[in-house]
Amino acid sequence: METLTQVEPLTDSWGREIKSVRVSVTDKCNFRCTYCMPAEGLEWLARAEVLSFEEIARLVAVLARLGVDEVRLTGGEPLVRRDLPVLVRMLADTPGARDLSLTTNGVLLDRLAQPLVDAGLRRINVSLDSLDHVRFAELTRRDALDKVLRGLEEAERHPELRPIKVNCVAIKGFTEDDVPRLAALARRKPYVVRFIEFMPLDADEGWRDDQVLTGREIRALIEAEHGPLVELPAKASSTAKRFGFADGNGEVGFVSPVSEPFCSTCDRIRLTADGQLRTCLFSRREWDLKTPLRAGASDEELTALLRTAVAHKELKHRINEPGFVRASRSMSQIGG
Ligand code: SF4
């Protein structure tokens with residue numbers, strides 16, 4: 001592998017070094033989760049607007065030279081993008097792109113786990129909000145729980161693909177009944193189950209703060225069933241607080257951006273499927289990378305644009321502040 005000449009890292013004006021990029025490869029999805037998009041879906045991007053694999057790989061290579069070595073592929077649902085393993089291979093071969101992961105709803109995973117692993121994927125996050133068929137269908141508007149569980153089992157068969165994280169979006173008045181079963185899944189299976197607080201990124205704009213089931217509340221539900229949890233060490237920039245069970249069997253995590261924001265250690269930026277850079281999930285401003293890219297910009301010019309964008313990275317989200325203004329895109333158009 002070609003050695004990588006490191007240059008000045010990508011640092012924002014608050015002193016945070018950017019290490020992680022989430023790359024949305026499509027805005028399309030085969031689910032219709034109520035906390036994300038309307039039943040009828042959204043107006044999808046025109047094909048010509050979506051970055052090609054070569055364009056994504058070029059931007060990831062430029063970012064890798066700036067020390068951004070964690071790449072997570074997201075959507076919409078990334079596995080609906082045709083030939084995704086081809087892109088995974090291109091990114092796995094990119095000098096400096098050390099850590100390649102993917103977030104999926106898992107419904108196509110039983111078919112694609114093998115080619116993704118062969119292409120170089122090493123970590124995976126699978127969204128799973130309920131283990132109850134009726135509730136799963138109610139939330140995702142798809143009767144697909146069994147297929148998602150088969151996808152997870154297929155992922156298990158590949159020891160290179162670790163950790164396998166299961167992400168559950170927690171909604172008050174809905175998820176409480178699922179918490180003990182999902183926690184038990186973390187004890188029964190080689191999955192790290194993480195509970196993510198519901199964020200105001202739904203396309204319907206129906207989010208209310210009284211729908212947030214907080215990390216602390218979920219932890220209390222788990223401890224009521226399984227006894228005290230033990231906090232585990234986590235990377236400073238990690239979005240999740242990690243906990244183990246007292247007997248050492250199983251791990252759960254809490255991603256609590258609303259009740260316990262973690263913006264002070266944020267090292268993330270996002271690239272949308274149509275080539276816009278977002279320096280925060282809740283950005284109201286984007287930086288167009290696609291136009292200069294397609295106009296023949298050099299790596300130096302792209303680097304300068306990335307530095308300018310990151311210098312304007314938001315300090316934090318303002319969800320809990322009066323006058324909070326929602327992000328300029330909904331979750332499926334950003335990619336989480
Ligand atoms: S809300 Fe923005 S600043 Fe805060 S952790 Fe998320 S991306 Fe980072």
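Predicted model only: the values in this text are computed from it and were never measured.

K.L.:
Please provide a residue-by-residue account of the overall build of the chain, values included.
P.N.:
The helix and strand inventory of the chain stands at 10 helices and 12 strands. Relative to a compact globule of 336 residues, whose C-alpha radius of gyration would be 20 Å, the chain shows 19 Å and is just as compact. Expressed as lengths along the three principal axes of its C-alpha atoms, the size of the chain is roughly 55 × 50 × 40 Å. Out of the 336 residues in the chain, the part that is buried amounts to 55%. Summarising the internal contacts of the chain: among those between residues at least 6 apart in sequence, 74% fall at separations of at least 24. Of the side chains in the chain, 49 bear a positive and 52 a negative charge, and the two mean positions are spaced by 1 Å.

K.L.:
Please give an account of the environment of Asp99 that cites residues and values.
P.N.:
Tracing the backbone shows Asp99 in strand S3 (residues 99-104). On the basis of relative accessibility, which here comes to 14%, the residue Asp99 falls in the buried class. With residues up to four places along the chain from it excluded, the contact list for Asp99 reads Asp69, Glu70, Val71 and Arg123.

K.L.:
Break down the packing of helix H3 (residues 109-119) against helix H5 (residues 145-156) for me, with residues and values.
P.N.:
The contact between H3 and H5 brings their axes to 8 Å, and the two run at 25°. In terms of axis orientation, H3 runs roughly parallel to H5. Seen from above, H3 lies across H5 with right-handed handedness. Residue-level inspection shows Leu109, Asp110 and Ala113 of H3 in contact with H5, the latter providing Lys147, Arg150, Gly151, Leu152, Glu154 and Ala155. When the residues that make up the contact of H3 with H5 are grouped by side-chain class, the tally is 4 nonpolar, 1 polar and 4 charged.

K.L.:
Explain the nonpolar core to me, using residue names and the numbers behind them.
P.N.:
With 102 residues, the main nonpolar core has Val23, Val71, Leu73, Leu128, Phe195, Ile222 and Val252 as its most contacted residues. Of all the elements, helix H1 (residues 53-65) adds the most residues to this core, at 7 residues. Beyond its immediate stretch of four places on either side in the chain, Val252 contacts Ala183, Ala186, Val193, Ile222, Leu229, Lys241, Arg242, Phe243 and Phe245.

K.L.:
Tell me about the packing of helix H6 (residues 179-188) against helix H7 (residues 215-226), residues and numbers included.
P.N.:
Running from N to C, H6 and H7 point in directions that differ by 70°, and their axes come no closer than 9 Å. Classified by the interaxial angle, the pair formed by H6 and H7 is roughly perpendicular. H7 is crossed by H6, and the crossing has right-handed handedness. Residues Val179, Pro180, Ala183, Ala184 and Arg187 of H6 form the contact with H7, whose own contacting residues are Ile218, Leu221, Ile222, Glu225 and His226. For the contact of H6 with H7, the class distribution of residues is 7 nonpolar, 1 polar and 2 charged.

K.L.:
Can you break down the sheet that holds S3 residue by residue, with the values?
P.N.:
Pairing is mixed across the open sheet formed by 12 strands, whose spatial order is S7-S8-S9-S6-S5-S4-S3-S2-S1-S10-S11-S12. The strands lining the two open edges of the sheet, one partner per strand, are strand S7 (229-232) and strand S12 (287-288). Pairing analysis gives 2 bridges linking strand S10 (residues 268-271) to strand S11 (residues 276-278), with the strands arranged antiparallel. Within S11, the position partnered with Leu271 by the bridge is Leu277. Helix-sheet contacts for H6 involve strand S5 (164-170), strand S6 (191-197), strand S8 (241-245) and strand S9 (251-255), and the interaxial angle to S6 is about 150°.

K.L.:
Tell me about the environment of Leu277, and please be specific about residues and values.
P.N.:
Residue position: Leu277 is located in strand S11. Sequence separation between Leu277 and Asp288 is 11 residues; the distance between their C-alpha atoms is 6.4 Å. Each residue touching Leu277, except ones within four places of it in the same chain, is listed here: Ile269, Arg270, Arg285, Glu286, Trp287, Leu289, Leu306 and Ala309.

K.L.:
Pulling in residues and values, what's your account of the pairing of S10?
P.N.:
Residues of S10 alternate between two faces, with Arg268 and Arg270 on one and Ile269 and Leu271 on the opposite face, all of them buried. Direction of pairing for strand S1 (residues 20-24) relative to S10: parallel, over a ladder of 4 bridges. What sits directly across from Arg22, in S10, is Arg270. Between S10 and S11, which follow one another and run antiparallel, lie 4 residues, and Gly275 among them has a positive phi close to 75°.

K.L.:
Can you tell me about the pattern of salt bridges, naming the residues and giving the values?
P.N.:
For the structure on display, the rule yields 32 salt bridges. With a closest N to O distance of 3.0 Å, Lys316 and Glu321 form a salt bridge. For Glu321, a relative accessible area of 27% translates into the label partly exposed. Here Arg318 and Glu321 are joined by a salt bridge, their closest N and O atoms 3.2 Å apart. A single network of salt bridges, built from pairs that share partners, joins Glu17, Lys19, Asp69, Glu70, Arg98 and Lys235.

K.L.:
Which residues make up H7, and what values do they have?
P.N.:
With 12 residues, H7 extends 16 Å between its outermost C-alpha atoms, agreeing within 8% with the 16 Å of an ideal straight helix rising 1.5 Å per residue. Turning to H7, its buried residues number three or more, namely Gly215, Ile218 and Ile222. One face of H7 carries all of its buried residues, which in axial projection span an arc of 70°. Seen from the open side of H7, the exposed residues pointing more than 90 degrees away from its buried face are Arg216 and Ala224. Contacts made by the buried residues of H7 are with S5, H6, S6, S7, S8 and S9. Taken from the residues just after H7, Gly227 is the one with a positive phi, measuring 85°.

The rules we used
- Residues numbered from 1 in each chain as written.
- Predicted model: local features only at pLDDT ≥ 70, side-chain atom pairs only at ≥ 80, totals over all residues.
- Heavy atoms only, no water.
- Helix = DSSP H or I, 4+ residues; strand = E, 2+ residues; numbered from the N terminus.
- Rg over C-alpha atoms; globule rule 2.2 N^0.38 Å.
- Buried < 20%, exposed > 50% of the residue type's maximum accessible area, 1.4 Å probe, protein only.
- Contact = heavy atoms within 4.5 Å.
- Lys, Arg positive; Asp, Glu negative; His and termini not counted.
- Charge placed at Lys NZ, Arg CZ, Asp CG, Glu CD.
- Axes fitted to C-alpha atoms, helices over the stretch in contact; angles between N-to-C directions.
- Parallel < 35°, antiparallel > 145°, perpendicular 65-115°, else oblique.
- Left-handed = near helix turned anticlockwise from the far one by under 90°.
- Nonpolar A, V, L, I, M, F, W, Y, C, P; charged D, E, K, R; others polar.
- Core = buried A, V, L, I, M, F, W, Y, C linked by side-chain atoms within 4.5 Å.
- Pairing = 2+ DSSP bridges.
- Salt bridge = Lys/Arg side-chain N within 4 Å of Asp/Glu carboxyl O.
- Expected span 1.5 Å × (residues − 1).
- Arc of directions from axis to C-beta.

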